[in-house]
Amino acid sequence: MLLNKHIIVGICGGIASYKAVELVSRLQQAGAVVDVIMTEHAEDFVRPLTFSTMSHRPVYSDLWEPSGQAAERHIALAEIAEALVIVPATANTIAKLAHGMADNMVTAVALATKAPLLLAPAMYKEMYMHPATQANLALLRERGAVVVEPEVGRLASGAFGPGRLPETSVLLGAISMLLGRKGDLAGRKVVVTAGGTQEPIDPVRYIGNRSSGKMGYALAMEARDRGAHVTLISGPVALPAPYGVEVHPVMTALQMRDAVYNAIRNADALVMSAAVADFRPLEAAAHKIKKGQGEFAGMPRAAGQAERDADGFPLYLTHNPDILGGLAAQLGQPEGGIQLQRRLIRVGFAAETDDVLAHAQSKLVAKQLDLLIANDVSRSDSGFGADTNKVFIFHANGAVEDLPVMPKTEVATAIWDRVVSLLGMA
Ligand code: CTP
């Protein structure tokens, strides 16, 4: 998404300007062409050399230098820019932008460019909350600017409140989303599930699986960066919520089923990458099971058939609903089933350790899917926890694609490419 994109990063005079160094570096590493423009006071915090070292390009700041070249340059930059990102945006620059002032290179480029504007305000909490700043931001939003809300936390002054510049990953997400908003999924609603479910045994223990959620999160971010409205239904994972994605955290398979069936009613595509637990304890104990009580694990005490032996005790499990399979069954019903507003493209995953192709093919048919992504989770470069995946894509028309090992982000791209062409046919 960022590859070869021409991005102008405007740096204002706030303490958070040092954090923009990492942003510029990450944008450059992602293949973007980054031109940095600094206000005079930004140079009091970070030297231009720091930014030019990261961007591998000259840094601009003085609009009034005697050769007149900078004055010409600001027009050229304004024309070539695909996004103007102001990080940090101070109250002063926000006020100038709201009122169309152009007294330095950052504000002059902002006025001269047709590129979308993204602002990441960072300042002392009272300045941020001041009605003047809020009114200026509202005006800029009305004109189409994207404002990445500052985080609430400890500020440089020592005070606590809103005004912290968000993490670089959040800013990168916001920039990617801005650049992709007219992409091939613009106007589409997609639902992605990710991570594994946790099925409680008692308040402290659960049955889970090794799903990291990386594939599902990559799918959600890719769809966002192609313009989709994304609902991400996620089991517990150690990943940050992606910027601009509607995240619904769930714990159990039953919660995931309810969230999915609710979210798909007006969606165009459902991609189920979650590793849903097929079984759950028949009944979760209300209190922590003590060593001596194990014989009742997972079952109502009244059932009472458990025989505790010398070394252990049985754990009673019951089937969880098959979310995708259940959907196929319900959609076939004229009454009482789930009513969808649009044709829903359905994509499933099959995590297998043996006979990958045969199992995958039968899951595609049984769950009536448009696409099934099969991976061999016994390989170290594929499946749970890995950053790469080796997948086969099974199509409803019988076609099978064998993709090479690639990063999960590229697998996500390949999957959405197929979904986009199916949506084009729908
Ligand atoms: N899935 C689901 N509900 C379940 C289990 C799985 O919706 N209770 C979805 C998964 O998200 C995935 C697909 O069905 O997209 C296949 O999941 P997988 O666990 O590989 O298949 P199962 O149908 O559970 O078959 P098995 O575990 O017997 O291989």
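Residues numbered from 1 in each chain as written. Predicted model: local features only at pLDDT ≥ 70, side-chain atom pairs only at ≥ 80, totals over all residues. Heavy atoms only, no water.

K.L.:
Lay out the overall build of the chain with the relevant residues and their values.
P.N.:
Summing up its helical and strand segments, the chain has 14 helices and 22 strands in all. Taken over the C-alpha atoms alone, the chain extends approximately 90 × 50 × 45 Å along its principal axes. Per-residue burial for the chain yields a buried fraction of 48% across its 426 residues. By sequence separation, contacts in the chain at least 24 residues apart represent 65% of the contacts at least 6 residues apart. Of the roughly 20200 Å² that the chain leaves accessible, carbon and sulfur atoms contribute 53%. Each charge sign in the chain was given a centre, from 39 positive and 43 negative side chains, and these centres are 3 Å apart. (Helix = DSSP H or I, 4+ residues; strand = E, 2+ residues; numbered from the N terminus. Buried < 20%, exposed > 50% of the residue type's maximum accessible area, 1.4 Å probe, protein only. Contact = heavy atoms within 4.5 Å. Areas by Shrake-Rupley, 256 points an atom, 1.4 Å probe, with all protein chains shown as cover. Lys, Arg positive; Asp, Glu negative; His and termini not counted. Charge placed at Lys NZ, Arg CZ, Asp CG, Glu CD.)

K.L.:
Got a sec to walk through the pattern of salt bridges? Specific residues and values, please.
P.N.:
For the coordinates displayed, the defined rule picks out 19 salt bridges. Where Glu22 meets Arg26, a salt bridge forms, and the shortest distance between an N and an O atom there is 3.7 Å. Residue Glu22 and its partner Arg26 are located together in helix α1 (residues 19-29), separated by 4 residues, close to a single helical turn. For Arg26, a relative accessible area of 34% translates into the label partly exposed. The closest approach of N and O atoms between Glu149 and Arg141, which form a salt bridge, is 2.6 Å. Residue Arg141 is classed as partly exposed on the basis of its relative accessible area of 34%. Each of the salt bridges in this network shares a partner with another, and the network as a whole consists of Asp184, Glu222, Arg226 and Asp417. (Salt bridge = Lys/Arg side-chain N within 4 Å of Asp/Glu carboxyl O.)

K.L.:
Describe in detail the sheet that holds strand β4 (residues 83-89), supporting the description with residues and values.
P.N.:
One open sheet accounts for 6 strands, arranged β3-β2-β1-β4-β5-β6; its pairing is parallel. Single-partner strands in this sheet number two, and they are β3 (59-60) and β6 (146-147). When strand β2 (residues 33-38) meets β3, the two strands line up parallel, connected through 2 bridges. Across the sheet, residue Val36 finds its bridge partner in β3, namely Val59. (Pairing = 2+ DSSP bridges.)

K.L.:
For the environment of Ala220, give the residues involved together with the corresponding values.
P.N.:
For Ala220, the position within the fold is in helix α10 (residues 214-224). Through-space distance from the C-alpha of Ala220 to that of Ala135 is 33 Å; in sequence the pair is 85 residues apart. Beyond its immediate stretch of four places on either side in the chain, Ala220 contacts Val192, Val230, Leu232 and Val245.

K.L.:
Give a detailed account of the site of the ligand, specifying residues and quantitative values.
P.N.:
Close to the ligand lie 14 residues; Met272, Ala274, Phe349, Lys363 and Lys367 are nearest. Here an oxygen atom of the ligand sits 2.7 Å away from a polar atom, N or O, in the side chain of Lys363. Across the complex, the protein chains shield 77% of the 560 Å² of accessible surface that the ligand would expose by itself. Contributions of two or more residues to the shell around the ligand are made by α12 (323-331) and β17 (345-352). (Near = heavy atom within 4 Å. Polar contact = N/O pair within 3.5 Å; in protein donor to acceptor, adjacent residues only side chain to side chain.)

K.L.:
Before we move on, could you go through the packing of helix α11 (residues 253-263) against α12 and cite the residues and values that matter?
P.N.:
Between α11 and α12, whose axes approach to 10 Å, the crossing angle comes to 45 degrees. Comparing their axes, α12 and α11 come out oblique. The handedness of the crossing between α11 and α12 comes out as right-handed. Mapping the contact onto sequence places Ala253, Met256, Arg257, Val260 and Tyr261 in α11 and Ile323, Gly326, Leu327 and Gln330 in α12. Looking at side-chain class alone, the contact of α11 with α12 contains 6 nonpolar, 2 polar and 1 charged residues. (Axes fitted to C-alpha atoms, helices over the stretch in contact; angles between N-to-C directions. Parallel < 35°, antiparallel > 145°, perpendicular 65-115°, else oblique. Left-handed = near helix turned anticlockwise from the far one by under 90°. Nonpolar A, V, L, I, M, F, W, Y, C, P; charged D, E, K, R; others polar.)

K.L.:
Talk me through a nonpolar patch on the surface; I want residue IDs and the actual numbers.
P.N.:
A cluster of nonpolar residues, Ile15, Tyr18 and Phe45, forms a patch on the protein surface that exposes about 330 Å² of accessible area. Within the secondary structure layout, Tyr18 lies in the loop between β1 (6-11) and α1. (Patch = residues over 30% accessible without salt bridge, like charges linked within 9 Å, V, L, I, M, F, W, Y side chains within 5 Å.)

K.L.:
Describe the packing of aromatic side chains, and please don't skip the residues or the numbers.
P.N.:
The full count for this structure, using the stated rule, is 0 aromatic pairs. Note that Lys390 overlies the ring of Phe392, its terminal NZ or CZ placed 4.2 Å from the centroid. (Phe/Tyr/Trp six-rings, centres within 6.5 Å; stacked < 30°, edge-to-face > 60°. Lys NZ or Arg CZ within 6 Å of the ring centre and 35° of its normal.)

K.L.:
Just give me the short version of the packing of α1 against helix α9 (residues 168-179), but keep the residues and values in it.
P.N.:
One way to put it is that α1 packs onto α9 with a least axis distance of 10 Å and a crossing angle of 50 degrees. The pairing of α1 with α9 is recorded here as oblique in orientation. Remark: the crossing between α1 and α9 carries right-handed chirality. The segment α1 lies against α9, with Lys19, Glu22, Leu23, Arg26 and Leu27 engaging Thr168, Leu171, Leu172 and Ile175.

K.L.:
Describe the nonpolar core, with residues and values.
P.N.:
Of all hydrophobic cores here, the largest spans 33 residues; its most connected members are Leu219, Val230, Val347, Ile415, Trp416 and Val419. It is helix α14 (residues 408-425) that provides the largest number of residues to this core, a total of 8 residues. Filtering out sequence-adjacent residues up to four positions away, Val419 remains in contact with Ala269, Ile345, Val347 and Leu371. Membership of the second largest hydrophobic core comes to 31 residues, among which are Ala32, Met38, Ala42 and Leu178. (Core = buried A, V, L, I, M, F, W, Y, C linked by side-chain atoms within 4.5 Å.)

K.L.:
Give me the lowdown on the side chain of His6, citing residues and values where you can.
P.N.:
Structurally, the position occupied by His6 is in strand β1. We classify His6 as buried; its relative accessible area is 9%. Leaving out residues up to four positions away in the same chain, His6 has contacts with Val33, Asp35, Arg57, Ile80, Ala81, Glu82 and Ala83.

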